[in-house]
Amino acid sequence: MKIFYGLTAAGFLIFITVALVGNPARAWQAYLLNFLFFSAIAQGAVLFSALMHTVKARWSGPLADVAESFAAFFPVSLVLFVILFIGNQHVFPWLHEDLHGKEVWLNLPFMFGRDLAGLGLLYGIGLAFLYHRLYFTLTARGASGPFGRWLLARWENHPPDEDRMAGRMTVFGILYLLAFALVLSLIGYDLVMATDPHWYSTLFGAYTFVKAVYIGFGALIVLSALLHLSDRNGYCVEESQFHDIGKLFFAFCLVWADFFYAQFVVIWYGNIPEETAYIIERTMAAPWNVLAWTVFIGCFLAPFLILINQRIKTMPRAMIVICTATMTGIWLEHYLLLGPSFHHHARSIPLGWVEAAVAVGFFGLLAAAVTKYFQQFPELLQGRKVETLEVEAG
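Residues numbered from 1 in each chain as written. Predicted model: local features only at pLDDT ≥ 70, side-chain atom pairs only at ≥ 80, totals over all residues. Heavy atoms only, no water.

Novice: So what about the environment of G246? Which residues, and what values?
Specialist: Among the structural elements, G246 can be located in helix α10 (residues 239-270). Among the residues examined, G246 registers a relative accessible area of 0% and is labelled buried. Sequence separation between G246 and L305 is 59 residues; the distance between their C-alpha atoms is 13 Å. Leaving out residues up to four positions away in the same chain, G246 has contacts with I221, K313 and M319. (Helix = DSSP H or I, 4+ residues; strand = E, 2+ residues; numbered from the N terminus. Buried < 20%, exposed > 50% of the residue type's maximum accessible area, 1.4 Å probe, protein only. Contact = heavy atoms within 4.5 Å.)

Novice: Account for helix α8 (residues 162-192), with residues named and values stated.
Specialist: Between its first and last C-alpha atoms α8 spans 43 Å; for 31 residues at 1.5 Å apiece the expected length is 45 Å, and the two agree. Between the side-chain oxygen at the start of α8 and the backbone nitrogen of D163 there is a gap of 3.2 Å, and the oxygen is on D161. (Expected span 1.5 Å × (residues − 1). Polar contact = N/O pair within 3.5 Å; in protein donor to acceptor, adjacent residues only side chain to side chain.)

Novice: Quick rundown of the layout of surface pockets? Include the residues and the values.
Specialist: For the largest pocket, the calculated volume is near 940 Å³. Contributing elements (two or more residues each) for the lining of the largest pocket: α2 (24-54), α9 (204-229), α13 (316-342) and α14 (353-376). Examining the composition of the lining of the largest pocket, we find that 9 residues originate from one element, α14, more than from any other. Grouping the amino acids of the lining of the largest pocket by side-chain chemistry returns 22 nonpolar, 7 polar and 1 charged. In this model, the second largest pocket occupies a volume close to 530 Å³. (1 Å grid on protein atoms, 1.4 Å probe; cavity = no way out; pocket = protein on both sides within 12 Å on 5 of 7 lines; lining within 4 Å. Points joined across faces, edges and corners; volume = space filled by probe spheres on them. Nonpolar A, V, L, I, M, F, W, Y, C, P; charged D, E, K, R; others polar.)

Novice: Just give me the short version of the packing of helix α1 (residues 2-21) against α14, but keep the residues and values in it.
Specialist: Axes are the key here: two packed helices are described by the angle between their axes and the distance separating the axes. The N-to-C vectors of α1 and α14 enclose an angle of 145°; their axes lie 7 Å apart at closest approach. Taken as a pair, α1 and α14 cross one another with a handedness that is left-handed. Here the residues of the contact of α1 with α14 are counted per class, giving 17 nonpolar, 5 polar and no charged. (Axes fitted to C-alpha atoms, helices over the stretch in contact; angles between N-to-C directions. Left-handed = near helix turned anticlockwise from the far one by under 90°.)

Written out as structure tokens, the structure reads:
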């Protein structure tokens, strides 16, 4: 735990130093990049549990337990979003441009209000779903962590109706899936696409939430594999379960690539200058074309060719490497979308230690939140024979 606090402190100390006495624009742009990336990981990972419960996928058992731990980052993400608007002059280029009538949508108070409300709604639904999930988890396995004991005592003193709790859990799971698609589409439009306010794509919202599912599942695989390989807990994932989550990860590799291609081919075929300029700058013009090819190879070509092999998806160590490399590629893809809007006429890719240092700080925050969650609910890491909660069978 201390190492994660240390990474957080180091990353944010560098961020504050650069923002105050160095290059504030670069510091805040790195902050935006990492806020989007690490929030998407948490949002996408929790989606796994909501999705598995909604479709009654009984194989997901221990994977769903780990997926829910990422919800601990939700309150942190909301606070980080509020902090982001301190640096609004550096992350919203449209504040200094003529928007030609788009001021109704692109104005700071309205944007801040709707995005904050959207994230609050998404996180509130996610935490409500988690609360109901924990009821069935803790009443079945007991609680040894401090917050877990408090929840269990509360439920024992005032026993809720189990059928009602199960029904509400399903409702909140479905609502999370819907809110996930809507809110991440909004975030994609407001915080990414709007950095170039004269370009638009009607598919960009769907592209944004598909990408979040992709990296959320990747982070889930990495964390589950690390816990499975550790001898400090009783957590265990069956080979067949690794294979199933690996197939899902492989599927969203294809879905992500499909949404990228669907946008690209329509814009290329239409050949409208105000649409093509955005794509040409990021995929064909130097220096960004090198980064575009890196993203394409790292996020689609390499995982596609590797994960075709059935056996590789059952190997935890191999999947750690593959998923980590893919998530790194998506981090670079976030930078590819944002960078040209902030660095016009760049002769080299302005990616360096500042972005990496801020990423370390955000990683420390996410890892500390997940670790704290397991400290509160250590029974989730104990081995168990049942695949999933009995309530999910009904």
